[in-house]
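The lines below spell out each chain.
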Amino acid sequence: MDELENKFSLLTSELITPIQMRQALIKLLRLQEGVNLLSFQVLPVTALFSSKSNADDKNSSTLNESSLHLYKHGIKIKLQGQYFQLRDYLIQLENLNWKFFWKDFNYRSKEYPLSELEISIYSLSTSEEFIGV
C-alpha cells in the first residue's frame, strides 16, 4: 500500500492545484509579446476518475473511507499574432512548470501578417475546483 501511495504521490505532484492554476493562467496570458488574446473560455469540469476504498469493511459504524478523484479542467483561448509570435507562444506554453495537455488546435491565416490561433488545453487535478484565490 505504501508503494502505491508513493507512486500516486509522484504522479499527482505534477498536477495543478486551484491556487497554481490561477498563477498558470496569469502566466499564460503574458507569455509572448505581440500575441493578443481575442477570447478566453473556461470549459466545464469533467470527472475522469473517482474511487473509494474502505479500510474497514467489517464495522460500518467506524468506516474509514479514502477516496481518489481526478478532474479535467479545460480552457479554450483564441489568440492573434504573427506566425512566429504564435509559434513562440506555443513553445513557451510547452515549457511552463505546469503540465497542460492539448485537445484542439485551429490555426487560420488572416490578413497578412496576422493569424489567429484557437486552442483548447486542459490540466488534470485532484480538486474539482478550477481556480483558487
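All chains use their own residue numbering, which begins from 1 and follows the written sequence. The predicted origin of the model limits local features to residues at a pLDDT of at least 70 and limits the giving and counting of side-chain atom pairs to 80 or more, whereas totals for whole chains, interfaces and linings rest on all residues. For side-chain calculations, the full set of non-hydrogen atoms in the structure is used, while hydrogens and water are omitted.

Engineer: When you look at the pattern of salt bridges in this model, what are you seeing that I'm missing?
Structural biologist: Opposite charge on two side chains makes pairing possible when the charged atoms of those side chains draw close. Definition used for salt bridges: Asp or Glu carboxyl oxygen within 4 Å of a side-chain nitrogen of Lys or Arg. Throughout the structure, instances matching the rule amount to three salt bridges. Across the pair glutamate 116 and lysine 78 runs a salt bridge whose closest N-O atoms are separated by 3.5 Å. Within this pair, whereas glutamate 116 is found in strand E5 (residues 114-125), its partner lysine 78 is found in strand E3 (residues 65-82), the two being separated by 38 residues in sequence. The salt bridge partner of arginine 87 is aspartate 88, with a shortest N-O separation of 2.8 Å. Overall, aspartate 88 belongs to the partly exposed group, its relative accessible area being 23%. A network of salt bridges, in which partner residues are shared, links Lys78, Arg108 and Glu116. Numbered from the N terminus, helices here are DSSP runs of H or I no shorter than four residues, and strands are runs of E no shorter than two. Partly exposed describes any residue whose relative accessible area lies between the buried limit of under 20% and the exposed limit of over 50%, with all areas from a 1.4 Å probe on protein chains only and scaled to the type maximum.

Engineer: Help me understand the side chain of glutamate 116 in this model?
Structural biologist: A relative accessible area of 11% means that glutamate 116 is categorised as buried. Apart from residues lying up to four places away in sequence, glutamate 116 is in contact with Leu38, Lys78, Leu79, Gln80, Asn106, Tyr107, Arg108 and Lys110. Working rule for contacts: check all heavy atoms of both residues, and any pair within 4.5 Å makes them a contact.

Engineer: Any chance you could explain the packing of aromatic side chains here in plain terms?
Structural biologist: Any pair of aromatic rings gets described here by the distance separating the centres and the angle formed by the planes. A pair of aromatic rings is counted whenever rings of Phe, Tyr or Trp (Trp by its six-membered ring) have centres within 6.5 Å, and the orientation is called stacked for planes under 30 degrees apart, edge-to-face for over 60 and tilted otherwise. Tallying each qualifying case throughout the model produces four aromatic pairs. Here tyrosine 83 and tyrosine 107 contribute two aromatic rings whose centre-to-centre distance is 5.9 Å and whose plane-to-plane angle is 90 degrees, an arrangement assigned as edge-to-face. A residue pair is termed long-range when its members are at least 10 positions apart, and tyrosine 83 in helix H3 (residues 83-94) and tyrosine 107 in strand E4 (residues 101-109) qualify at 24 residues. An aromatic cluster is defined as three or more aromatic residues linked by ring pairs; in this entry it consists of Tyr83, Phe84 and Tyr107. A ring is considered to have a charge above it if a Lys NZ or an Arg CZ atom is located within 6 Å of its centre and within 35 degrees of its normal. Of note, lysine 72 hangs over the ring of tyrosine 122, and the distance from its end group to the ring centre comes to 4.7 Å.

Engineer: Help me understand the confidence of the model for the chain in this model?
Structural biologist: Do not read the fine detail of predicted coordinates wherever pLDDT is low. pLDDT gives the predictor's per-residue confidence on a scale running from 0 to 100. Within the chain, residue pLDDT values average 77, and 74% of them lie at 70 or more. For the chain, helix H1 (residues 2-12) is the element with the lowest average pLDDT, namely 67, and E4 is the one with the highest, namely 91.

Engineer: In this structure, what is going on with the nonpolar core? I would like to understand it.
Structural biologist: Across soluble globular proteins, nonpolar side chains have a tendency to be buried as a group. Definition of nonpolar core: a set of buried residues of the types Ala, Val, Leu, Ile, Met, Phe, Trp, Tyr and Cys, connected through side-chain atoms within 4.5 Å. Formed by 21 residues in total, the largest nonpolar core has its most connected members in Leu28, Tyr89, Leu93 and Phe100. Look past the residues within four positions of leucine 28 in its chain and what remains in contact with it is Ile75, Tyr89, Leu93, Leu96, Phe100 and Ile121.

Engineer: Just checking my understanding: could you explain the side chain of serine 123 for this structure?
Structural biologist: The residue serine 123 is located in strand E5 in this model. In this structure serine 123 comes out as buried when scored by relative accessible area, which is 1%. With residues up to four places along the chain from it excluded, the contact list for serine 123 reads Ile16, Met21, Tyr71, Lys72, His73, Lys99 and Phe100.

Engineer: What is the right way to look at the environment of glutamine 32 in this model?
Structural biologist: By secondary structure assignment, the location of glutamine 32 is in the loop between helix H2 (18-29) and strand E1 (36-42). Relative accessible area serves as the criterion here: at 19%, glutamine 32 is assigned to the buried category. Along the chain, glutamine 32 and aspartate 88 lie 56 residues apart, while their C-alpha atoms are 7.1 Å from each other. Discounting chain neighbours no more than four positions away, the residues touching glutamine 32 are Gln85, Asp88, Tyr89 and Gln92.

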